[in-house]
Amino acid sequence: MEETLKIIVLVKHVPDAQFDRHLTGEGNTTDRSESILSELDEYALEAALQLIEARGGEAAGNKVIALSMGPAGAVNAVKKSLQIGASEGVHLSDDALAGSDAAATSLALAAAIRHLGADIPADLILTGMASTDGETSLVPAQLAERLDLPQVTFAASLELDGAKLTARRDGDLHADTIEATLPALVSVTDQINDPRYPNFKGIMAAKKKTITTLTLADIGVDPAHVGRSGSWTAVDSAEARPARTAGTIITDEGDAGIKLVDFLAAQKLL
Amino acid sequence: MAKVLVFIDNPGQALKKASLELLTIARSLGEPAVAFNGELHDDVAATLAAYGVQTLYRPSAADLDDYLVGPKASYLAAAVQTAEATVVLTENSTEAKETAARLGIKLGAGVITDVVAVDPDGTAHKSVLAGSYLTTARATTPVAVLTVKSNSVTPEPAVTGTAPATVTVAVPETATAASARITARSDKAASGRPDLAEARIVVAGGRGVDGNFGPVEDLADALGAAIGASRAATDAGWIGHDAQIGQTGKTVSPQLYISAGISGAIQQKSGMQTAKVIVAVNKDAESPVFEIADFGIVGDLFQVLPQATEEIKKRRG
Ligand SMILES: Cc1cc2nc3c(=O)[nH]c(=O)nc-3n(C[C@H](O)[C@H](O)[C@H](O)COP(=O)(O)OP(=O)(O)OC[C@H]3O[C@@H](n4cnc5c(N)ncnc54)[C@H](O)[C@@H]3O)c2cc1C
Ligand SMILES: Nc1ncnc2c1ncn2[C@@H]1O[C@H](COP(=O)(O)O)[C@@H](O)[C@H]1O
């Protein structure tokens, strides 16, 4: 393998969880008006930046490309990634993509990655552990399947020695050490690093970086295979759960432990 | 009748409750079959028969555990084809969801994760956006793949048991080609407490325990509860990462969640706010956790928890 690293990081534009989030429209899709770069994807971006920095950064020919699929606003996730330090950005956007489920999303992202791969064969595809809206963690595994790449998911640590990649995956019943050879697909958890914030220099530098916009036609995907109609799952109904409200709040006056047990007994929870 | 294939990865010495639930759901949807990986112990075989399983599929390869996800999905795809199954059920663990993900691509099948109920027509119920919506969803493809959360149904054996035949499924030779290898594995010690994902009661501690999970453990044991934690507590190394509740930890929906010394950040809430009853103990009356607590105590957990533990013991004589 050559010395330089080319990494594609997948970044999703998601509704900000600090606000109420909503499902709207006929397909019960997510309302994206108050959206941000998915915070779990910042860990993937940080991991990519650390890997290229250890190899001399962009000056040495290494590259981190941030790729986001989503409506017009999703370009903001790409911009934020450039401010944090990605070398260039790609925004896959097409009206026909609206309402794509994981299978359709992975189809489009795989095609976009192959399209980018024509000029920059990527050594590594890095993703977050889950999107903070969909929360399925299906997309990384489905991308590995579609691209026929080794799947190294939920990496809590990641090391690269030449073309050999070693990761730690922390499961419920056991912790595993995983090895693969590049090119590979890696998803990282929030245990892996502490993502950096964009600084003034980064924000200024980002203004000069390129963002390429791709449509389905550019990447050769038939619009019938994506979006709500091309998805393999359908959301038939969505019912907002009433928000939880505060119950009884007491201040301990020396007997709160006993009151707690009274409460549990009244709720038949003892 | 629809053929329903339940995937049980390494059934072990005895089937987990989550597996029994899957078998119970499978029977409500059609004719159940099981694809397993790993060893099949006699006890497990007997339980599968009692749950009405018609056929047992096993892989031709014994090394699937040496790789991450990919080869298991290849095996399962072959099993689905052999069984002519139209519904596949797996548990909702990280690895099972990923296996389902790849299986979906191999079969052109829709995958629905985090399912909490399945109607006889295959409609799946799940909650999304951190429990703020309840949705119904279905696969629009000939085969549906559902990953089902534990505690979704009460396990029930079949009225009449079966004597399932075992069929070996050929795992494609190419299955391991582009796969990441698992080169080392360290098993985690069992805590002896209920499994966090399945527990009826969870007692969770946060930064407020300040390195001492003792009061949390004592209350948990008095209640027969599992122990959870905030990320602050797991990051500090006071307790293992597998105890973390929240966005990047586990999502739990117990009957009772007792939160102690946890502020209630959005990422923590997203893992526990579907609990039936929430109790919070926190020194700071302004903590956001009190916004969702059914019963909140503004107080010191080192006073309140031990007093509650003593009181429970006293009342139980
Ligand atoms: C990408 C990302 C993912 C995350 N995922 C998760 C996740 O999955 N789960 C999670 O929990 N967090 C997660 N977090 C972290 C989350 O934002 C909070 O930082 C974390 O939950 C805080 O933990 P805490 O409540 O224990 O600590 P703090 O916020 O520091 O709160 C400690 C609380 O303890 C109280 N206290 C102190 N002493 C006592 C005492 N003696 N008695 C009673 N109360 C006392 C204090 O009043 C305070 O409210 C995530 C963050 C990010 C950015
Ligand atoms: N629309 C998207 N654009 C870019 N990346 C995505 C998109 N959807 C999912 N991903 C990536 O896949 C990961 C897991 O998402 P999910 O499978 O939806 O939970 C995310 O952390 C992203 O890195």
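Look a little higher up for the structure.
What counts, and where the lines are drawn
Residues numbered from 1 in each chain as written. Chains lettered and ligands numbered in written order. Predicted model: local features only at pLDDT ≥ 70, side-chain atom pairs only at ≥ 80, totals over all residues. Heavy atoms only, no water. Phe/Tyr/Trp six-rings, centres within 6.5 Å; stacked < 30°, edge-to-face > 60°. Helix = DSSP H or I, 4+ residues; strand = E, 2+ residues; numbered from the N terminus. Buried < 20%, exposed > 50% of the residue type's maximum accessible area, 1.4 Å probe, protein only. Core = buried A, V, L, I, M, F, W, Y, C linked by side-chain atoms within 4.5 Å. Contact = heavy atoms within 4.5 Å. Near = heavy atom within 4 Å. Polar contact = N/O pair within 3.5 Å; in protein donor to acceptor, adjacent residues only side chain to side chain. Areas by Shrake-Rupley, 256 points an atom, 1.4 Å probe, with all protein chains shown as cover. Nonpolar A, V, L, I, M, F, W, Y, C, P; charged D, E, K, R; others polar. Salt bridge = Lys/Arg side-chain N within 4 Å of Asp/Glu carboxyl O. Buried area = accessible area lost by both parts, 1.4 Å probe. Pairing = 2+ DSSP bridges.

1. What to know about the packing of aromatic side chains
Argument step 1. Inspection of the entire model under this criterion finds one aromatic pair over all chains.
Argument step 2. Each ring, one from A:F263 and one from B:F295, has its centre 4.6 Å from the other, and the planes form 10°; the classification is stacked. Remark: B:F295 occurs in strand β15 (residues 295-298) and A:F263 occurs in helix α8 (residues 256-266); the pair is interchain, linking two chains. Of the two residues, A:F263 and B:F295, both sit in the buried class.

2. Quick look at the nonpolar core
Argument step 1. Among the nonpolar cores identified, the biggest contains 43 residues, and A:I7 and A:L126 are the most heavily contacted of them.
Argument step 2. Setting aside chain neighbours within four positions, we find A:L126 in contact with A:I7, A:I8, A:V9, A:L10, A:A44, A:A47, A:A48, A:L158, A:V186 and A:V188.
Argument step 3. Membership of the second largest hydrophobic core comes to 34 residues, among which are B:I227, B:I258, B:V277 and B:L305.

3. Brief notes about the site of ligand 2
Residue and element names in this part refer to chain A.
Argument step 1. In the vicinity of ligand 2 there are 18 residues, among which L10, D41, S131, S137 and V139 approach most closely.
Argument step 2. Here an oxygen atom of ligand 2 and a backbone polar atom of L10 are 2.8 Å apart.
Argument step 3. Between S131 and ligand 2, the recorded distance is 2.7 Å, taken from a side-chain N or O atom to an oxygen atom.
Argument step 4. In the complex, 97% of the free accessible area of ligand 2, which totals 480 Å², lies under the protein chains.
Argument step 5. Elements represented by at least two residues in the shell around ligand 2 include exactly β6 (63-69), α3 (102-117), β8 (124-128) and α4 (138-147).
Argument step 6. Each residue belonging to the shell around ligand 2 can be placed in one class, and the counts come to nine nonpolar, seven polar and two charged.

4. Observations regarding the pattern of salt bridges
All names here are of chain B.
Argument step 1. The full count for this structure, using the stated rule, is 27 salt bridges over all chains.
Argument step 2. For R193, the salt bridge identified is with D221, shortest N-O distance 2.7 Å. Here R193 is found in the loop between β10 (181-187) and β11 (201-205), whereas its partner D221 is found in helix α5 (residues 214-223), with 28 residues between them in sequence.
Argument step 3. Looking at R193, the relative accessible area reads 26%, which means it is partly exposed.
Argument step 4. With relative accessibility at 46%, the residue D221 sits in the partly exposed group.
Argument step 5. In this structure, the salt-bridge partner of D235 is R231, at a minimum N-O distance of 3.3 Å. Placement of the pair is D235 and R231 together in helix α6 (residues 231-235), with a separation of four residues, close to one helical turn.
Argument step 6. The partly exposed category is assigned to R231, whose relative accessible area is 31%.

5. Topic: the interface of chain B and chain A
Argument step 1. With 85 residues of chain B at the interface, the matching set in chain A holds 79 residues.
Argument step 2. Both sides together, the interface formed by chain B and chain A hides about 7100 Å², and carbon and sulfur atoms give 54% of it.
Argument step 3. A per-residue breakdown of the area chain B buries against chain A is headed by B:I105, B:L129 and B:Y133, which together make up 10% of the total.
Argument step 4. Joining chain B to chain A, the criterion identifies 10 salt bridges.
Argument step 5. Between B:R185 and A:D176 there is a salt bridge, with its nearest N and O atoms 2.8 Å apart.
Argument step 6. Counting the contacts that link chain B with chain A gives 46 residue pairs in polar contact (both at pLDDT 80 or more).
Argument step 7. Ranked by residue count, the leading element in the side of chain B that touches chain A is helix α4 (residues 94-107) of chain B, at nine residues.
Argument step 8. Class assignment of the residues belonging to the side of chain B that touches chain A gives a composition of 36 nonpolar, 27 polar and 22 charged.
Argument step 9. Here strand β14 (residues 233-240) of chain A runs beside strand β7 (residues 133-139) of chain B; their pairing, made up of seven bridges, is antiparallel. Residue A:V235 lies in a different strand from β7(B), and its bridge partner there is B:A137.

None of the figures reported here should be taken as evidence of function without further support.
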